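# Tertiary structure, described
Each chain is listed here by its residues.
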Amino acid sequence: MSLPESTTVLIVGAGPSGVATALSLIHHGCRDFVIVDAVLQGQNASRALVIHPATLEALNTIGCAQNLVERGLKANGFSFRNRSSNSDLFYADFTSLSKYTPYPHMLIISQTTTERVLEEKLESFGVSVIRPCKVTGMQRNKQDNDVTDVSFEDGRVIKARYVIGADGARSAVRTISGIGFADPNVLDRDLSRTNILTQMVLADVYLTDTSLVPDNHAVSVLSPDTFFIISPIPTKADEAKGILYRIACGVPLEMGTPPHAPPKEYLQNILDKFGPKPLKAASSFEISEVLWSTRFRTHSAIADTFFKRLGSDTDMDAKGGGGILLVGDAAHIHSPAGGQGMNLGLRDAVAMGEAMSAHIEASQTSSSTDDHILRGLADSRHATALEVIALTKSILGLYGLPRNPTWNKFMWWCPLSLGSIRDYTLWMAGRFRFVRESAAWQMSGLGRR
């Protein structure tokens, strides 16, 4: 597909957030857009794994939820387990949300499948992603101050009145626009003191023995040193290999920096140290195959603004040039704790399509270029992103405990460690239904759509 000379809306990035933005624009009656991506093909790595109830509700408003639900696994909740005793401590019960949402479950589905389903939906409307188109520059159009000339690596240029950056954490749109991107320090907590949560590994693996892990929901195994999460991934049945699992683990700093793509041997060591304990000493609990693996550092950042005019010093300057907007990881990043990242980006996208369509329609019937609709959207999504970052940091705080807390100097006689106190507190809290429901509510996103 060839790149047109101009468009009203240019979406840069064809991950879940970018494609969902395009689908939301179509749903709300806007067809004058182009969507591009820097890579020749979509990503084949799994990455995000969960879609929460609030996100399914948002996707349902643009006709995209049902196809995803049919391809995913409905998990009724998320459990925390003590590694030493192999006992369950706490269960976040999503079925309790049935009085608030038609989706009272966590939908376990790989990001690869999510992207495929959304892009198939986009293609059903006759729209294709133009690839590869890597943005290398943006400047004001000389004939029309409200238009941005967007340049690509291959020398092509497109004129757009609005550019939506959905191009990930290293967003070219955000960088070229001069929008800052930093940790908001919502919670004043020095995570480096935990010594365990600054680096993590993720992998999709097959196991020789699955008797220790559930096939219908995710489990977080807690130990004094770190945490280990394991979850089934819906795939086509393979009798020889069994169930495909996603594993995620915080890697203590004393173990060094994980390999870029951790091999089977490295992951097996992680599983042996921090994964579920075999019920018997002779039990086999080994990784038989690794499909994909990666490492990353956990950190948070948020764009200074999700909307501005190109060339303006602030988002309040409506005369600076074409509109620049951010969604998904281009707007905010945080740790994977609670499975919130892709969910927040998808809800950004659905809201963006509605607001952008309303703004364009209002602009066509008025001579003024009031940006209050887009500015209102940007402010609202920025506030929601701050809340989600705070939530993920709170979850990290639960996982990551100080190794040598100051009070140990005065409580040396106490036989309980912070890990033991944490686990006992979780166990006690889990006895109360309203606490289990509250945990599910916080993770579901229903309170911060």
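Everything quoted here is computed from the prediction, not taken from an experiment.

Thresholds, definitions, all that
- Residues numbered from 1 in each chain as written.
- Predicted model: local features only at pLDDT ≥ 70, side-chain atom pairs only at ≥ 80, totals over all residues.
- Heavy atoms only, no water.
- Core = buried A, V, L, I, M, F, W, Y, C linked by side-chain atoms within 4.5 Å.
- Buried < 20%, exposed > 50% of the residue type's maximum accessible area, 1.4 Å probe, protein only.
- Helix = DSSP H or I, 4+ residues; strand = E, 2+ residues; numbered from the N terminus.
- Contact = heavy atoms within 4.5 Å.
- Expected span 1.5 Å × (residues − 1).
- pLDDT = per-residue confidence, 0-100.
- Pairing = 2+ DSSP bridges.
- 1 Å grid on protein atoms, 1.4 Å probe; cavity = no way out; pocket = protein on both sides within 12 Å on 5 of 7 lines; lining within 4 Å.
- Points joined across faces, edges and corners; volume = space filled by probe spheres on them.
- Arc of directions from axis to C-beta.

Okay, the nonpolar core next. Within the largest apolar cluster, 74 residues are counted, with the highest numbers of intra-cluster contacts made by Val9, Leu10, Ile35, Val36, Leu122, Phe152 and Met356. No other element matches the 9 residues that helix α7 (residues 341-364) contributes to this core. Excluding its chain neighbours within four sequence positions, the residues that come into contact with Leu10 are Val34, Val36, Val150, Phe152, Ile158, Ala160, Tyr162, Val163 and Ile164. In terms of nonpolar packing, the next biggest core, distinct from the first, is built from 33 residues, Leu49, Val50, Ala337 and Ala440 among them.

Bringing the environment of Ala218 into the picture now. Take Ala218: it is sitting in strand β13 (residues 218-222). Relative accessible area serves as the criterion here: at 7%, Ala218 is assigned to the buried category. For the pair formed by Ala218 and Ile229, sequence separation is 11 residues and the distance between their alpha carbons is 7.1 Å. The contacts of Ala218, once residues within four sequence positions are left out, are Gly77, Phe78, Ser79, Ile108, Ile230 and Ser231.

For helix α4 (residues 111-124), with 14 residues, the first-to-last C-alpha span of 20 Å sits near the 20 Å given by 1.5 Å per residue. Along α4, the residues that are buried comprise Gln111, Thr112, Thr113, Thr114, Glu115, Val117, Leu118, Glu119 and Leu122. If you follow the buried residues of α4, they end up packed against α1 (16-27), β2 (33-36), β3 (50-51), α3 (65-71) and α7.

When pLDDT is averaged along the protein, the result is 87, and 87% of the positions lie at 70 or above. Predicted confidence for residues 186-196 stays below pLDDT 50, and this span has 33 contacts to residues more than four positions away or in other chains.

Here we take up the pairing of strand β1 (residues 6-12). Consecutive side chains of a regular strand alternate in pointing toward one face of the sheet and then the other. Taking burial as the measure, the 7 residues of β1 include 6 buried ones, the bulk of the element. Inspection of the sheet shows β1 paired to strand β10 (residues 157-165) by 6 bridges, in the parallel sense. Within the sheet, the bridge partner assigned to Ser6 lies in β10 and is Lys159. Sheet topology note: the β1/β2 ladder contains 4 bridges and is parallel. Along β2, the bridge assignment pairs Ile11 with Ile35.

In this section: empty space enclosed by the protein. Tallying each qualifying case throughout the model produces 1 cavity of 30 Å³ or more. When its volume is computed, the largest cavity comes out at roughly 50 Å³. As for the largest cavity, its lining consists of Phe306, Leu326, Val327, Asp348, Met352, Leu377, Ala378 and Arg381. Only α7 and α8 (372-399) provide two or more residues apiece to the lining of the largest cavity.

A separate point is helix α9 (residues 418-429). Residues spaced three or four apart along an α-helix point in a common direction, a consequence of the helix completing one turn every 3.6 residues. With 12 residues, α9 extends 16 Å from end C-alpha to end C-alpha; this agrees with the ideal 16 Å at 1.5 Å per step. Among the residues of α9, Gly419, Arg422, Asp423 and Leu426 are the ones counted as buried. Along α9, the residues classed as buried sweep out an arc of 95° about the axis, all on the same side. Close packing links the buried residues of α9 with β5 (77-82), β6 (87-93), β13 and α8.

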